[in-house]
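# Structural description and commentary
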Amino acid sequence: MPTAAEIKQLTDEIIKLKQERNAIILSHVYQRPEVQEAADFVGDSLELSRKAAGTKADVIVFCGVHFMAESASILSPQKTVLLPEEDAGCPMADMVTVEALRAKKTEVPEAVVVCYVNTSAEVKAECDIACTSANAVKVVASLPQDRPIIFVPDKNLGAYVTSQTGREMILWEGYCNTHHRLTADMVRAVKDSHPGALLLVHPECLPEVVNMADHVASTTGMLRYAGENPATEYIVATEMGILHQFSKRYPGKTFYPASNKLVCPNMKATTLDKVLTALQTLEPRVTVPEDIRARALQCLERMLAVQ
Ligand code: 13P
Ligand code: SF4
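Residues numbered from 1 in each chain as written. Chains lettered and ligands numbered in written order. Predicted model: local features only at pLDDT ≥ 70, side-chain atom pairs only at ≥ 80, totals over all residues. Heavy atoms only, no water.

### Some details on the overall build of the protein chain
Stated precisely, the cut-off is as follows: Only runs of H or I of at least four residues qualify as helices and only runs of E of at least two qualify as strands under DSSP, and these elements are numbered from the N terminus. We take the radius of gyration over the C-alpha atoms and set the globule estimate at 2.2 Å times the residue count to the 0.38 power. Categorising residues by exposure relies on relative accessible area from a 1.4 Å probe, with only protein chains included: less than 20% of the type maximum marks a residue as buried, more than 50% marks it as exposed, and the intermediate range marks it as partly exposed. Whether two residues are in contact is decided by their heavy atoms: any pair within 4.5 Å suffices. In these tables, accessible area is a Shrake-Rupley quantity obtained with a 1.4 Å probe, and a residue counts as shielded only by the protein chains included in the view. For the charge count, each Lys or Arg is scored as positive and each Asp or Glu as negative, with His and the chain ends excluded. Where a charge sits is defined by one atom per residue type, namely NZ (Lys), CZ (Arg), CG (Asp) or CD (Glu).
When its secondary structure is counted, the protein chain shows 15 helices and twelve strands. Taken over C-alpha atoms, the radius of gyration comes to 19 Å for the protein chain, in line with the 19 Å a tight globule of 307 residues would show. For the protein chain, the spread of C-alpha atoms along the principal axes amounts to about 60 × 55 × 30 Å. Counting only residues that meet the buried cut, the protein chain has 58% of its 307 residues in that class. For the protein chain, restricting intrachain contacts to residue pairs at least 6 apart in sequence, the fraction spanning at least 24 positions comes to 63%. Only carbon and sulfur atoms are counted for the fraction: they give 51% of the accessible area of the protein chain, which is about 13000 Å². When the 31 positive and 38 negative side-chain charges of the protein chain are each reduced to one mean point, those points stand 4 Å apart.

Shown next, in the form of structure tokens:
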């Protein structure tokens, strides 16, 4: 853990260099608090994609995981996209490969293929439309009724979308290691300790946990809900990095993690000194080969067009 003085020094150096490089720092809400504080914009996967697509900066420093930086590069190929920790991957994204998806598509050739944005560029290039947890219900509801749907890779998000849209889908056997470890018993224990608190649940959680929720939402949806709702206590069932934003935005309210195990090691791999090194060296860069990029772009653009 860096000291407060080290954090200040690193942040000052980052801000100075960021201006010289005409760089923007984007951070997911699961990042370390000090990384979120050094960022120009903190948001969920959908907001970060929109920012990456619209920014005028020459360099995007993506404090998140690999598929997010890849999406930024797909949307803004002329920009330098940096992922400060190059090994920050997403185990769920790795649960679907191009080969396995092609085999499934051959089984159901008439299907529309929807991919969670937590997928590689190669997989996106094989899919018709992407979604994030913020817009998955709208994306699926926008699809033709007479076509089957293959949904990859998150079976929990897929099950939640089915519960909201009534659309049965062919679900992939993928899941997020972090959200998946939260059981209904663990949530019940926290609810017993805080009976007045509302339960906010991310749709990557197990269906039994999603079914207990007062509100199911993406990370930004949860933040918005706690701002608009008069309740003062909340149990938060998603990665713990988000607690920094909750307490920063709503200091008069109290937020409890649904479990202290809700930590994504990949999201925590980015540190301030890695952000500084990335700005100094303009490495590690994330790029996508043009033939894959062009097809993956269609998949992302169709998602961004859904209102
Ligand atoms: P959102 O920020 O879109 O809710 O995504 C959650 C997530 O797991 C990203 O890796
Ligand atoms: Fe992947 Fe889950 Fe980590 Fe998000 S929280 S990056 S879905 S492993």
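Having seen the structure, we can now continue with the description.
### Description of the site of ligand 2
Applied cut-off: For each residue, the test is whether any non-hydrogen atom lies within 4 Å of the molecule or strand; if one does, the residue is near. The nonpolar class holds Ala, Val, Leu, Ile, Met, Phe, Trp, Tyr, Cys and Pro. Asp, Glu, Lys and Arg form the charged class, and all remaining residues, Gly among them, are polar.
Inspection of the region around ligand 2 gives Tyr30, Val65, Cys90, Pro91, Met92, Asn118, Cys176, Glu204, Cys264 and Met267 as its neighbouring residues. Residue composition of the shell around ligand 2, by class: eight nonpolar, one polar and one charged.

### Focus on the site of ligand 1
Here is the rule we go by: Under this definition, polar contacts are N or O atom pairs within 3.5 Å; protein pairs additionally need one hydrogen-donor-capable and one acceptor-capable atom, and for neighbouring residues in sequence, both atoms have to be side-chain atoms.
Around ligand 1, the structure places 13 residues, and the nearest of them are His28, Ser45, Ser133, His202 and Thr219. Between ligand 1 and the protein, one listed contact pairs an oxygen atom with a side-chain N or O atom of histidine 28 at 2.6 Å. The contact in question runs from an oxygen atom of ligand 1 to an N or O atom on the side chain of serine 133, over 2.9 Å. Summarising the interface, the protein chains cover 96% of the accessible area of ligand 1, which totals 300 Å² for the free molecule. Grouping the amino acids of the shell around ligand 1 by side-chain chemistry returns four nonpolar, seven polar and two charged.

### Overview of the pairing of strand E9 (residues 198–201)
Condition: Strand pairing is assigned whenever DSSP identifies at least 2 bridges connecting the two strands.
Side chains Leu198 and Leu200 project from E9 onto one buried face, and the interleaved Leu199 and Val201 project onto a second face that is buried too. Strand direction decides the pairing type here: E9 and strand E11 (residues 233–237), joined by four bridges, are parallel. Paired with valine 201 across the two strands is alanine 237, which belongs to E11. As defined by bridge partners, E9 adjoins strand E10 (residues 215–216) across two bridges and the pair is classed as parallel. Bridge pairing links valine 201 to valine 216 in E10.

### Some remarks on the environment of asparagine 260
Take asparagine 260: it is sitting in the loop between strand E12 (254–257) and helix H14 (272–281). With a relative accessible area of 60%, asparagine 260 lands in the exposed category. For the pair asparagine 260 and lysine 248, spaced twelve residues apart in sequence, the C-alpha to C-alpha distance is 19 Å.

### Considering the sheet that holds strand E1 (residues 23–28)
As a reminder, the rule being used: Simply put, an axis is a line fit to the C-alpha atoms, just over the touching stretch for a helix, and the angle between two N-to-C directions goes from 0 to 180 degrees.
Strands sit in the order E2-E1-E3-E4 across an open sheet of four strands; the sheet is parallel. Every interior strand has two partners, whereas the edge strands, strand E2 (41–43) and strand E4 (80–82), have only one. Between one strand axis and the next, the sheet turns by 20 degrees as a mean value, whatever way the strands run. Pairing of E1 with strand E3 (residues 59–63), which is carried by five bridges, proceeds in the parallel orientation. Paired with leucine 26 across the two strands is phenylalanine 62, which belongs to E3.

### A closer look at the sheet that holds strand E6 (residues 129–131)
Strand order in the open sheet formed by four strands is E6-E5-E7-E8, with parallel pairing between adjacent strands. The open sheet has two edge strands, E6 and strand E8 (170–171), and neither has a second partner. Relative to strand E7 (residues 149–152), strand E5 (residues 112–116) is paired through four bridges, and the arrangement is parallel. Bridge assignment links valine 114 to a residue of E7, and that residue is phenylalanine 151. Docked against the sheet, helix H5 (residues 98–107) engages E5, E7 and E8, running at close to 165 degrees with respect to E7. The strands that helix H15 (residues 290–305) touches are E5 and E6; relative to E6, the one it contacts most, it runs at about 60 degrees.

### Points about the packing of aromatic side chains
How we decide: Here a pair means two rings of Phe, Tyr or Trp (six-membered ring of Trp) with centres within 6.5 Å. Their orientation is stacked below 30 degrees between planes, edge-to-face above 60, and tilted elsewhere. Charge-over-ring placement is defined geometrically: NZ (Lys) or CZ (Arg) within 6 Å of the ring centre, and within 35 degrees of the ring normal.
Here the structure, examined in full by the defined rule, presents three aromatic pairs. The interplanar angle of 40 degrees and the centroid separation of 6.3 Å between the aromatic rings of tyrosine 250 and phenylalanine 255 together place this pair among those described as tilted. Across the pair, phenylalanine 255 and tyrosine 250 agree in class, each one buried. Three or more aromatic residues joined by ring pairs form one cluster here, namely Tyr234, Phe246, Tyr250 and Phe255. Over the ring of phenylalanine 41 we find lysine 51, and its NZ or CZ is 4.8 Å from the ring centre.

### Notes on the nonpolar core
One broad trend across soluble globular proteins is that nonpolar side chains are buried collectively. The condition is simple: Side-chain atoms within 4.5 Å are what join buried Ala, Val, Leu, Ile, Met, Phe, Trp, Tyr and Cys residues into a set we call a nonpolar core.
Val61 and Phe246 are the most contacted members of the largest nonpolar core, which has 99 residues in total. In terms of residue count, the dominant contributor to this core is H15 (seven residues). Ignoring anything within four residues of it in the chain, the contact list for valine 61 reads Ala23, Ile24, Ile25, Leu26, Leu82, Pro84, Val275 and Leu279. Within the second largest apolar cluster, 19 residues are counted, among which are Val190, Val216, Ile235 and Tyr256.

### Concerning the environment of valine 42
Residue placement: valine 42 occurs in strand E2. Owing to a relative accessible area of 16%, valine 42 belongs among the buried residues under this scheme. Sequence-distant contacts of valine 42, that is, excluding residues within four places in its chain, are made with Ser27, His28, Val29, Gln36, Glu47, Gln245 and Arg249.

### Concerning the side chain of glutamate 34
This is how it is decided: One side-chain nitrogen of Lys or Arg within 4 Å of one carboxyl oxygen of Asp or Glu is enough to make a salt bridge.
Tracing the chain through its elements places glutamate 34 in helix H2 (residues 33–38). Look at glutamate 34: it is buried, it has no salt bridge, and the nearest opposite charge is arginine 32 at 4.4 Å.

Take it as geometry only, folks, not as evidence of what the structure does.
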